[in-house]
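Next come the chains, spelled out residue by residue.
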Amino acid sequence: DKLQKPKIPKVDISSLIQKYGLQDGKTVILNPYANSVENIDISFFENLAFALKRRGYQVVTNLSHDRQQAVAGTEGIICSLAEAYYLANYCGYVVGVRSGFLDFISYADCRIVALFPEGYPFFESYRLSKWGIKEDAREMIVNSNWSESICQIMNYMENE
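Rules used throughout
Residues numbered from 1 in each chain as written. Predicted model: local features only at pLDDT ≥ 70, side-chain atom pairs only at ≥ 80, totals over all residues. Heavy atoms only, no water. Buried < 20%, exposed > 50% of the residue type's maximum accessible area, 1.4 Å probe, protein only. Helix = DSSP H or I, 4+ residues; strand = E, 2+ residues; numbered from the N terminus. Pairing = 2+ DSSP bridges. Right-handed = clockwise from strand over helix to strand, strands pointing away. Axes fitted to C-alpha atoms, helices over the stretch in contact; angles between N-to-C directions. Expected span 1.5 Å × (residues − 1). Arc of directions from axis to C-beta. Contact = heavy atoms within 4.5 Å. Patch = residues over 30% accessible without salt bridge, like charges linked within 9 Å, V, L, I, M, F, W, Y side chains within 5 Å. Areas by Shrake-Rupley, 256 points an atom, 1.4 Å probe, with all protein chains shown as cover. Salt bridge = Lys/Arg side-chain N within 4 Å of Asp/Glu carboxyl O. Phe/Tyr/Trp six-rings, centres within 6.5 Å; stacked < 30°, edge-to-face > 60°. Lys NZ or Arg CZ within 6 Å of the ring centre and 35° of its normal. Core = buried A, V, L, I, M, F, W, Y, C linked by side-chain atoms within 4.5 Å.

Caption draft 1: Local environment of the pairing of strand E1 (residues 27–31). Extensive coverage of E1 is indicated by the burial of five of its five residues. As defined by bridge partners, E1 adjoins strand E2 (residues 58–63) across four bridges and the pair is classed as parallel. Its bridge partner lying in E2, Leu-30 is registered against Thr-61. Taken together, E1, helix H2 (residues 42–54) and E2 form a β-α-β motif whose crossover is right-handed. Of the pairings in the sheet, the one linking E1 to strand E4 (residues 92–97) comprises five bridges and is parallel in character. Note on E4: the bridge partner recorded for Asn-31 is Gly-96.

Caption draft 2: Molecular detail of the sheet that holds E1. On the basis of which strands lie adjacent, the open sheet formed by six strands has the order E3-E2-E1-E4-E5-E6 and parallel pairing. Bordering the open sheet on either side are strand E3 (75–78) and strand E6 (138–142), each of which pairs with just one other strand. If you compare each strand with its neighbour and ignore which way they point, the axes differ by 25 degrees on average. Examined bridge by bridge, E4 and strand E5 (residues 111–117) share five bridges and lie parallel to one another. Across the sheet, residue Tyr-93 finds its bridge partner in E5, namely Arg-111.

Caption draft 3: Summary view of helix H5 (residues 146–159). Between the first and last C-alpha of H5 there are 20 Å, a value that for 14 residues agrees with the 20 Å anticipated at 1.5 Å per step. Ser-149, Ile-150, Ile-153, Met-154, Tyr-156 and Met-157 are the residues of H5 that are buried. Axial view of H5: buried residues confined to an arc of 160 degrees, hence all on one face. Of the exposed residues in H5, the ones pointing more than 90 degrees away from its buried face are Ser-147, Cys-151 and Asn-159. Buried residues along H5 sit against E1, H2, E4, E5 and E6.

Caption draft 4: Geometry of a nonpolar patch on the surface. On the surface, a nonpolar cluster with roughly 380 Å² of combined accessible area is contributed by Leu-3, Phe-122, Tyr-126 and Trp-131. The exposure class of Trp-131 is partly exposed, given its relative accessible area of 32%.

Caption draft 5: The packing of aromatic side chains, seen in detail. For the structure on display, the rule yields ten aromatic pairs. Relative to Phe-122, the ring of Tyr-120 lies with its centre 5.9 Å away and its plane at 80 degrees, an arrangement referred to as edge-to-face. Judged by its relative accessible area of 17%, Tyr-120 falls in the buried class. For Phe-122, a relative accessible area of 45% gives the class partly exposed. Aromatic rings pair up to connect Phe-116, Tyr-120, Phe-122, Phe-123 and Tyr-126 into one cluster. Over the face of the ring belonging to Tyr-57 we find Lys-26, whose NZ or CZ atom lies 4.0 Å from the ring centre.

Caption draft 6: Structural view of the nonpolar core. By size, the foremost hydrophobic cluster in this structure holds 57 residues, and its most contacted members are Leu-30, Phe-44, Leu-52, Val-94, Ile-105, Leu-115 and Ile-153. If one sorts the elements of this core by residue count, helix H3 (residues 81–91) sits on top with seven residues. Excluding residues within four positions of it along the chain, Ile-105 makes contact with Ala-84, Tyr-85, Ala-88, Val-94, Cys-110 and Ile-112.

Listed below in structure tokens is the structure:
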């Protein structure tokens, strides 16, 4: 069967945009937490956030609940899935560990980079680009060469 876009209720995100100073098309939402895939060291996301900010991007962290912590140097945003969908449309970019959150956000009009930890055995099976929803999504395995991974993410965001 063909996947169908979920029915996403209209929500007003203007208060979130104002509260966090989000920039239209120039904000990256980081999603460093997942339940189904082993998480990538939070230090990777700290280095990524630093690199993104140096390139002029606003960077925030999507949080599911208040027990999760924002990536250092970013503000954490706790919001509904509907709000997250519209924020992704507005912000323009989502980078995170491969998760159900990214499945949902794949329907948004934004660029997505799905990250997998090194050694993840089901990489080919869980690639977002193969689901027929977000064919331009990028997936990558984050290995010990974080600088190379960060450069690949930046290249996708700025050049493709």
